[in-house]
Amino acid sequence: MSITPLNRKFSVAPMLDWTDRHCRYFLRLFSKHTLLYTEMVTTGAIIFGKGDYLGFNTEEHPLALQLGGSDPTDMARCAVLAQERGYDEVNINVGCPSDRVKNGSFGACLMAQPDVVADCVKAMQAEVDIPVTVKCRIGIDDMDEDEDFARFIDIVAGAGCDTFIVHARKAWLQGLSPKENREIPPLNYPRVHRIKETHPELSISINGGVKTLADTKTQLESVDGVMIGREVYANPYIMANVDTKIFGDAQAKSISRREAVFKMQQYIESHIERKEDAYFKPWHVARHMLGLFQGQAGGRIWRRYLSQNGTGKSPDPHLLINALSAVEAAQRELDEYNSQRDSQSSGQKS
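Just so you know, these numbers come straight off a predicted model, no measurement behind them.

Asks: Let's hear about the packing of helix 3 (residues 72-85) against helix 5 (residues 114-125): which residues, and what values?
Replies: One can describe the packing of helix 3 onto helix 5 by two numbers: an axis separation of 8 Å at closest approach and a directional angle of 40°. The pairing of helix 3 with helix 5 is recorded here as oblique in orientation. In terms of crossing hand, the pair formed by helix 3 and helix 5 is right-handed. Packed against helix 3, whose contacting residues are Pro72, Met75, Ala76 and Ala79, the element helix 5 presents Asp119, Cys120, Ala123 and Met124 at the interface.

Pasting the structure below:
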């Protein structure tokens, strides 16, 4: 099987309850090169769950499945299923700090068990041709950020993993919530940069705290890729220039916010018409779009309209178009106000 190498310069982080198939379809409108990741899916859900936990839209490629688990046999089985479904990569979660994940013996707690992660990598790579990668932290609890982290990388890389996405913070499994673990432990970018320096043969992407494309470019001077999560979700339009500014695609055309709204309205209507999901509601899509007009006139109106009209027993089937109309009406009022003010100011000066 011939596998096209993935360009990892920019990717969107796997975010539980956020990066579902609707969110990923939306984000793909802004960039054709960005590598997208699913929410973390556990081996138990895939093997024993009644739902389809591997479904995605074909438009989402390039797309990676993030897998949670620690049993090499189960991980390999799920990797095979991921490859059969058409995923471009399968990624092992060694970074999530939640109690539920820890109790399942996967996520960040595996930072202390590099041999287990190595066994999973070996078992998975023996069964699939797509890349098997690892997303991890720089350490947990009292682990030494230099020696212990370097040991983790050495052991897992020795098993055949050549790609690591590193959240440049420790995870404190005792005393901090998952939310606090995303904010309180200090970022240590130099620690990740040193891993790249000492392991130039590995692909190292950095995650945590990066919020702009300018910051992304700065990081790319030291690592191979940058992964952004919450900032993209809160302000998705920052991806509009990723293909030109990060991937260097001079032919890429950025889509306007208005165009994105119409495309996502069509997406909603197609789901309603197909009736494949009896529980589908426009809000399932709209909730991922609340930040589309972040920093723009009418942004608050957009968020309020979606929130007030997208939920309930009888949601607005034309939710996005009607919300856009409210935003554009507010923008016209602002333009008229500014025009009148400028005219008055000009008259007073003359």
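That was the structure; now back to the text.
Asks: Pulling in residues and values, what's your account of unusual backbone geometry?
Replies: Between His61 and the following residue, Pro62, the backbone shows a cis peptide bond with an omega angle of 0°. By secondary structure assignment, the location of Pro62 is in the loop between helix 2 (43-48) and strand 3 (63-68). Here the phi dihedral of Asp17 falls at roughly 75°; this positive angle occurs in a residue that is not glycine. Among the structural elements, Asp17 can be located in the loop between strand 1 (10-12) and helix 1 (21-28). For Asp141, which is not a glycine, the phi torsion comes out positive at approximately 50°. Mapped onto the elements of the fold, Asp141 is located in the loop between strand 5 (132-140) and helix 6 (147-158).

Asks: Describe the packing of aromatic side chains, with residues and values.
Replies: The final tally for this structure, using the stated rule, is 6 aromatic pairs. When the ring of Phe26 is compared with that of Phe30, the centres are 5.3 Å apart and the planes differ by 80°; the resulting orientation is edge-to-face. Accessibility classification places Phe26 together with Phe30 in one group, the buried group. Summarising the aromatic geometry, the rings of Phe30 and Tyr237 are spaced 5.7 Å apart at their centres and angled 85° between planes, so their arrangement reads as edge-to-face. With Phe30 in the loop between helix 1 and strand 2 (35-42) and Tyr237 in the loop between helix 10 (230-234) and helix 11 (242-245), this pair connects stretches of sequence that are 207 residues apart. Assigned by exposure class, Phe30 and Tyr237 land together as buried.

Asks: Go over helix 1, please, and point to the residues and values.
Replies: Across the 8 residues that make up helix 1, a large majority, 7, are buried. Where helix 1 is buried, its residues meet strand 1, strand 2, strand 3, helix 10, helix 12 (257-274) and helix 13 (283-286). The distance from a side-chain oxygen at the start of helix 1 to the backbone nitrogen of His22 is 3.1 Å, and the residue carrying that oxygen is Asp20.

The rules we used
- Residues numbered from 1 in each chain as written.
- Predicted model: local features only at pLDDT ≥ 70, side-chain atom pairs only at ≥ 80, totals over all residues.
- Heavy atoms only, no water.
- Axes fitted to C-alpha atoms, helices over the stretch in contact; angles between N-to-C directions.
- Helix = DSSP H or I, 4+ residues; strand = E, 2+ residues; numbered from the N terminus.
- Parallel < 35°, antiparallel > 145°, perpendicular 65-115°, else oblique.
- Left-handed = near helix turned anticlockwise from the far one by under 90°.
- Contact = heavy atoms within 4.5 Å.
- Phe/Tyr/Trp six-rings, centres within 6.5 Å; stacked < 30°, edge-to-face > 60°.
- Buried < 20%, exposed > 50% of the residue type's maximum accessible area, 1.4 Å probe, protein only.
- Polar contact = N/O pair within 3.5 Å; in protein donor to acceptor, adjacent residues only side chain to side chain.

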